[in-house]
Amino acid sequence: MSIKEIMTRERWATEEAFIRGNTNALDEVFTPDAVFHSPPVLDIKGLEEFKQAITSFCQAFSNIRWNWDEVMSEGNAAAHRYTIRAKHTGTLTAIPVPPTGKELVMKGCVVYHLKNGKIFEFIEYLDWLGLFQQLGAIPPMGQK
């Protein structure tokens, strides 16, 4: 399977997991021992723990919509920029803010490392500052 095909499958699996709640779709694209980095959140080690994190995310956010802004690859690595739109309707450990009911826009980038046709490392850079500003937990820059 080409890296382009793997990334197409990854997008499908991500939408299955986040939008339809089918986290088992991730088995097709991630190794069981994959490591997920998303600083400043602690690393997630293993696909089963990642599935639990997705389930928690989906309990905190509803009406999740993904846009794949850009996808690129070279060798055994790939990356994509994304925009997620969702409504903040629950609480998440990594985001200690009570539900606001606000429609949010989350932007980020993920770098993937692949081995034997599957993703074994996931490195995400999410705009946490922008997210906390939208939630009202941090004032916009330049304001007091």
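Structure: above.
Small disclaimer: the values here were computed from a predicted structure and weren't measured.

Along its length, the chain carries 3 helices and 6 strands. Ordered by position from N to C terminus, the α and β elements of the chain give α-β-β-α-β-β-β-β-α. Projecting the C-alpha coordinates of the chain onto the three principal axes gives extents of approximately 50 × 30 × 25 Å. Looking at the chain residue by residue over its 144 residues, the buried ones come to 40%. Considering only intrachain contacts with a sequence separation of at least 6, the fraction spanning at least 24 residues in the chain is 53%. If you sum the accessible surface of the chain, you get close to 8,000 Å²; carbon and sulfur atoms cover 54% of it. Averaged over its 15 positive side-chain charges, the chain has a centre that lies 7 Å from the centre of its 17 negative ones.

Our focus in this paragraph is a nonpolar patch on the surface. Taken together, Leu 129, Ile 138 and Met 141 make up a surface patch of nonpolar side chains, about 300 Å² in accessible area. Of note, Met 141 is situated in the segment after helix H3 (128-135).

Buried residues of H3: Trp 128, Gly 130, Leu 131, Phe 132 and Leu 135, and no others. On its buried face, H3 is in contact with strand E1 (30-38), strand E2 (41-45), strand E4 (77-88), strand E5 (103-115) and strand E6 (118-126). Count one or two residues on from H3 and you reach Gly 136, which has phi positive near 85°.

The tally for this structure, following the rule as stated, stands at 13 aromatic pairs. Residues Phe 36 and Phe 122 carry aromatic rings whose centres are separated by 5.4 Å and whose planes lie at 55° to one another, so their mutual orientation is tilted. Of the two residues, Phe 36 sits in strand E1 while Phe 122 sits in strand E6, which places them 86 residues apart along the sequence. Judged by its relative accessible area of 3%, Phe 36 falls in the buried class. Taking relative accessible area as the criterion, Phe 122 reaches 9% and is therefore assigned buried. Between the aromatic rings of Trp 66 and Trp 68, the centroid separation amounts to 5.0 Å while the plane-to-plane angle is 10°, which identifies the pairing as stacked. Side by side, Trp 66 and Trp 68 carry an identical accessibility label, which is buried. Every member of this aromatic cluster is reached through a ring pair, and the members are Phe 18, Phe 57, Phe 61, Trp 66, Trp 68 and Tyr 82. Its guanidinium or amino end placed over the ring of Trp 12, Arg 9 lies 4.1 Å from that ring's centre, counting from NZ or CZ. Its end group placed over the ring of Phe 120, Lys 115 keeps NZ or CZ at 4.9 Å from the ring centre.

Basis of the calculations
- Position labels on residues start from 1 in each chain and follow its written sequence.
- Reporting of local features is limited, given that this is a predicted model, to residues whose pLDDT is at least 70; pairs of side-chain atoms are given and counted only at 80 or more, and all residues count toward the totals for whole chains, interfaces and linings.
- Heavy atoms from the whole structure form the basis of all side-chain values; hydrogens and water molecules are not counted.
- By definition, any uninterrupted DSSP run of H or I lasting at least four residues is a helix, any uninterrupted run of E lasting at least two residues is a strand, and each is numbered from the N terminus.
- Burial classes follow relative accessibility: with a 1.4 Å probe on protein chains only, a residue under 20% of its type's maximum area counts as buried, one over 50% as exposed, and anything between as partly exposed.
- The contact criterion used throughout is that any non-hydrogen atoms of two residues lie within 4.5 Å.
- Using a 1.4 Å probe, accessible areas were evaluated by the Shrake-Rupley method; residue-level cover was limited to the displayed protein chains.
- Two residue types count as positive, namely Lys and Arg, and two as negative, namely Asp and Glu; His and chain ends fall outside the count.
- Charged groups are reduced to one reference atom each: NZ for lysine, CZ for arginine, CG for aspartic acid, CD for glutamic acid.
- Patches were defined on residues exceeding 30% relative accessible area and lacking a salt bridge, with like-charge contacts within 9 Å and nonpolar side-chain contacts (Val, Leu, Ile, Met, Phe, Trp, Tyr) within 5 Å.
- Here a salt bridge means any side-chain nitrogen of Lys or Arg lying within 4 Å of a carboxyl oxygen belonging to Asp or Glu.
- Aromatic rings from Phe, Tyr and Trp, taking only the six-membered ring of Trp, are treated as a pair when their centres fall within 6.5 Å; an angle between ring planes under 30 degrees marks them as stacked, one over 60 as edge-to-face, and anything in between as tilted.
- For a Lys NZ or an Arg CZ to count as sitting over a ring, it must be within 6 Å of the ring centre and within 35 degrees of the ring normal.

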